[in-house]
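# Understanding the architecture of this molecule
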Amino acid sequence: MQSSKSSRDNFSGKLGIIAATAGSAIGLGNIWRFPYILGENGGGAFLLIYLLFVLIIGVPVMISEFLIGRKAQLNVFGAFRKLAPGQHWYLIGVMGVGAAFLILAFYSVVAGWTLHYVYLSLTNAMSGHTPSEIMAVFEQVQNTKLLSIAWTLLFMGGTAYIVRSGIEKGIERYAKVLMPALLLIIIALNIRSVTLDGASEGLAFLFNPDFSKITSDVVLEALGQAFFSLSIGMGVIVTYGSYIKKDESLGGTALSVSLADTIIALLAGVAIFPAAFAFGMEPDQGPGLVFVTLPNIFNQMTGGYVFGLLFFVLLSIAALTSSISLLEVVVAYFTEELKLRRKQATWIAAGIIAILGIFCALNDSVFGAFDYVSSNILLPLGGLLVVIFVCWIMEKTAPRGEIEADGKKARYYGWFVFIIKFLAPIAIALVFLHGLGWL
Ligand code: PHE
């Protein structure tokens, strides 16, 4: 009815939207990236800044992206072009596609490690290992390049296989069951982790802010992590917004998804840091953190075999529901703008990303650069442009009309406008310029 295409799918209801959006948001960003970035950036103080950014920037940017998508009922390019005809705002979409390429390239490598850990858990390969032996296993995985590449390609292939045939129904169905299962496993890990000897040091690291650790770099990392974890700033949420029915609440959805995403990240932190300290591991050791910490917990747990296996299976699936959303942004661009057929578009996109992924698997600096540029530069810049677009470019009454399309008055609307007009853009711009050393 609102649609320019006759066959747009819609999410089936409140739970479906939340599950699918949370499926995109919750992934390696929460369980792999959040703890390791926090560990490298000093712990508690980073956490506080991160939480603040999720609340004052993340939620409003997510609402903004949702409303753009639902208003336009189109993919990220089409959406900006339709809402601002004859202008160049669709470039936000081009940037989003660029970000999707970079993110998916290194994301597939980490997802590949996760798949390998499913295999290691299945064969009980780390049971009885000491912490340093477990560490050596990760190093070996990372350094056996052919193995890393093979798993990366397998994961990318799986993502492409699902995306190629259209996804909305599939994601929704899986996400509804598997996300809660992941939550339960992590809660079990939490209980084991905080009852280990020496756990309190890890909890203090996480929850006791040491403000002397805050530098402009730490603040930029927190901003980048907030964008990355919430899947905002690159078009995924615009696209998903276009599948949300008019009678659903955008504010409520954004809030629930952000809350769920934050809870999972926090629980991942509580699972990892007490254990890391208890087993004498460095919190700032980088991308291997989750892979060298958790197997130690499984070794110390009744039923550790089952928990370990389930954990890595569910983490792979959480990664998949995120990678699907990333690839979908590229495929939507290729099909709708470059007029490729869906299958062709999927395999071409996946092929290019797989090649980039191989570079990431082979070279740590490429891996690090892709991660840094996408999370700390492209996503915040995308978010900045999105909020500017909503308050200065869209027709004045349009954002409110869209937010209140469910027939309920949005009492928070005044706050929302204040934040996206002033607070969020100024905060993003300052953190950004400062963090990059341009201010
Ligand atoms: N938010 C996802 C995660 O936490 C990663 C992602 C980033 C997905 C950007 C889509 C867009 O794993």
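Residues numbered from 1 in each chain as written. Predicted model: local features only at pLDDT ≥ 70, side-chain atom pairs only at ≥ 80, totals over all residues. Heavy atoms only, no water.

### Topic: the overall build of the protein
Applied cut-off: Here a helix means four or more residues in a row that DSSP labels H or I, a strand means two or more in a row labelled E, and each is numbered from the N terminus. Radius of gyration means the value over C-alpha atoms here, while the globule rule gives 2.2 Å times the residue count to the 0.38 power. By definition, residues are in contact when any of their heavy atoms lie within 4.5 Å. Reported accessibility uses the Shrake-Rupley method at a 1.4 Å probe radius. Residues are deemed covered only where the shown protein chains occlude them.
Across its full length, the protein carries 18 helices and 0 strands. In terms of C-alpha radius of gyration, the protein reaches 21 Å, essentially the compact-globule figure of 22 Å for 439 residues. Projected onto its principal axes, the C-alpha coordinates of the protein cover approximately 60 × 50 × 40 Å. Intrachain contacts of the protein at a sequence separation of at least 6 include 85% that bridge at least 24 residues. Element-wise, carbon and sulfur atoms account for 66% of the exposed surface of the protein, whose accessible area totals about 16800 Å².

### Some details on helix H10 (residues 216-230)
Which entries qualify depends on this criterion: Here a helix's expected span is defined as the number of its residues, less one, multiplied by 1.5 Å. Here's how the labels work: a residue is buried when its accessible area is under 20% of the maximum for its type, exposed when over 50%, partly exposed in between, all with a 1.4 Å probe on protein chains only.
In this model, H10 (15 residues) spans 21 Å end to end at C-alpha, consistent with the 21 Å of a helix rising 1.5 Å per residue. Taking burial as the measure, the 15 residues of H10 include 13 buried ones, the bulk of the element. Positive backbone phi, approximately 60°, marks serine 231, located one or two places after H10.

### Observations regarding the pattern of salt bridges
Quick note on the threshold: The term salt bridge refers to a side-chain nitrogen of Lys or Arg lying within 4 Å of a carboxyl oxygen of Asp or Glu.
Inspection of every chain in the model, using the stated rule, returns 7 salt bridges. A salt bridge links lysine 213 to aspartate 210, with the shortest nitrogen-to-oxygen separation between them at 3.5 Å. A relative accessible area of 39% places lysine 213 in the partly exposed class. Across the salt bridge formed by arginine 400 and glutamate 404, the nearest N and O atoms sit 3.2 Å from each other. Shared partners join several salt bridges into a network, and the residues in it are Arg70, Lys246 and Glu402.

### Quick notes on the site of the ligand
Condition: One heavy atom suffices: a residue is near a molecule or strand as soon as one of its heavy atoms comes within 4 Å of it. Within 3.5 Å is the distance limit for a polar contact, defined as a pair of N or O atoms, with the added protein rule that one can donate a hydrogen and the other accept it, and that residues adjacent in sequence qualify only through two side-chain atoms. Classes in brief: Ala, Val, Leu, Ile, Met, Phe, Trp, Tyr, Cys and Pro nonpolar; Asp, Glu, Lys and Arg charged; the others, Gly included, polar.
Taken together, 16 residues are adjacent to the ligand, and Ala25, Gly29, Tyr107, Phe228 and Ser231 come closest. Within the backbone of leucine 28, a nitrogen or oxygen atom sits 3.1 Å from an oxygen atom of the ligand. Take tyrosine 107: an N or O atom from its side chain is 2.5 Å from an oxygen atom of the ligand. Summarising the interface, the protein chains cover 100% of the accessible area of the ligand, which totals 320 Å² for the free molecule. When grouped by side-chain class, the residues that make up the shell around the ligand number 8 nonpolar, 8 polar and no charged.

### Details of the packing of helix H3 (residues 44-72) against helix H18 (residues 413-435)
Rules: A fitted line through C-alpha atoms represents every axis, and for helices the fit uses only the stretch in contact; the resulting angles, taken between N-to-C directions, go from 0 to 180 degrees. Crossings are classed by handedness, with left-handed meaning an anticlockwise turn of the near helix from the far one by less than a right angle and right-handed meaning a clockwise turn.
Remark: H3 packs on H18, axes separated minimally by 10 Å, with the N-to-C direction vectors making an angle of 115°. Helix-helix and strand crossings are classified by hand; for H3 and H18 the assignment is left-handed. Only Phe416, Ile419, Ile420, Leu423, Ala424, Ala427, Ile428 and Val431 of H18 make contact with H3, whose side of the interface consists of Phe53, Ile56, Ile57, Pro60, Ile63, Ser64 and Leu67. Taken together, the residues of the contact of H3 with H18 sort by class into 14 nonpolar, 1 polar and no charged.

### Comments concerning the packing of aromatic side chains
Rules: Centre distance within 6.5 Å is the pairing criterion for rings of Phe, Tyr and Trp, where only the six-membered ring of Trp is used; planes under 30 degrees apart are then read as stacked, over 60 as edge-to-face, and the remainder as tilted. In our convention, an over-ring charge means Lys NZ or Arg CZ found within 6 Å of a ring centre and within 35 degrees of that ring's normal.
One pass over the full model with this rule turns up 29 aromatic pairs. Here tyrosine 117 and phenylalanine 312 contribute two aromatic rings whose centre-to-centre distance is 5.3 Å and whose plane-to-plane angle is 45°, an arrangement assigned as tilted. Of this pair, tyrosine 117 sits in helix H5 (residues 91-122) while phenylalanine 312 is found in helix H14 (residues 304-336), placing the two residues 195 residues apart along the sequence. Of the residues examined, tyrosine 117 reaches a relative accessible area of 0% and is grouped as buried. Centroid distance phenylalanine 298 to phenylalanine 312: 6.1 Å. Interplanar angle 70°. Geometry classified as edge-to-face. Linking phenylalanine 298 in helix H13 (residues 289-299) with phenylalanine 312 in helix H14, this pair joins segments that are 14 residues apart in sequence. Owing to a relative accessible area of 1%, phenylalanine 312 belongs among the buried residues under this scheme. Taking NZ or CZ as reference, arginine 33 lies 5.1 Å from the ring centre of phenylalanine 228, over its face. The ring centre of tryptophan 392 lies 5.2 Å from the NZ or CZ of lysine 421, which sits over that ring.

### Topic: the environment of isoleucine 426
Tracing the sequence through the fold places isoleucine 426 in helix H18. In sequence terms isoleucine 426 and tyrosine 50 are 376 residues apart; their C-alpha atoms lie 17 Å from each other.

### As for the nonpolar core
What counts here: Definition of nonpolar core: a set of buried residues of the types Ala, Val, Leu, Ile, Met, Phe, Trp, Tyr and Cys, connected through side-chain atoms within 4.5 Å.
Membership of the largest hydrophobic core comes to 164 residues, with the highest contact counts inside it found for Trp32, Ile57 and Phe311. Setting aside anything within four residues of it in sequence, one finds phenylalanine 311 in contact with Ile31, Ile185, Ile186, Leu189, Leu294 and Phe298.

### Considering H13
Among the 11 residues that make up H13, 10 are buried, leaving the element largely enclosed by the rest of the structure. Within the sequence span of H13, burial applies to Leu289, Val290, Phe291, Val292, Thr293, Leu294, Pro295, Asn296, Ile297 and Phe298.

### Some remarks on empty space enclosed by the protein
Going by this rule: A 1.4 Å probe that fits into a set of points on a 1 Å grid over the protein atoms alone but cannot get out defines a cavity; an open set with protein on both sides within 12 Å along at least five of seven lines defines a pocket, and lining residues are those with an atom within 4 Å of a point. Grid points are joined across faces, edges and corners, and a volume is the space filled by probe spheres set on the points.
A complete count under the given rule lists 2 cavities of 30 Å³ or more for this structure. Taken as a whole, the largest cavity spans an internal volume of roughly 140 Å³. Lining the largest cavity are 19 residues, and of these Ser24, Tyr107, Phe228, Ser231 and Leu326 lie nearest its centre. Residue assignment for the lining of the largest cavity shows that the elements contributing at least two residues are helix H1 (14-25), helix H2 (28-40), H5, H10 and H14. The residue inventory of the lining of the largest cavity, partitioned by class, reads 12 nonpolar, 7 polar and no charged. Put simply, the second largest cavity is a space of about 30 Å³. Lining of the second largest cavity is provided by Glu65, Val76, Phe80, Ile92, Gly233, Met234, Gly235, Val238 and Val386.

### Comments concerning the environment of asparagine 75
If you trace the backbone, asparagine 75 turns up in the loop between H3 and helix H4 (76-83). Separated by 262 residues in the primary sequence, asparagine 75 and glutamate 337 have C-alpha atoms spaced 9.8 Å apart. Asparagine 75 has contacts with Ala332, Glu336 and Glu337, leaving out every residue within four places of it along the chain.

### Structural notes on the side chain of serine 316
Summarising the element assignment, serine 316 is placed in helix H14. On the basis of relative accessible area, serine 316 is assigned to the buried category, the value being 9%. Aside from chain neighbours lying at most four places away, what touches serine 316 is Thr114, Leu115, Val118 and Phe155.

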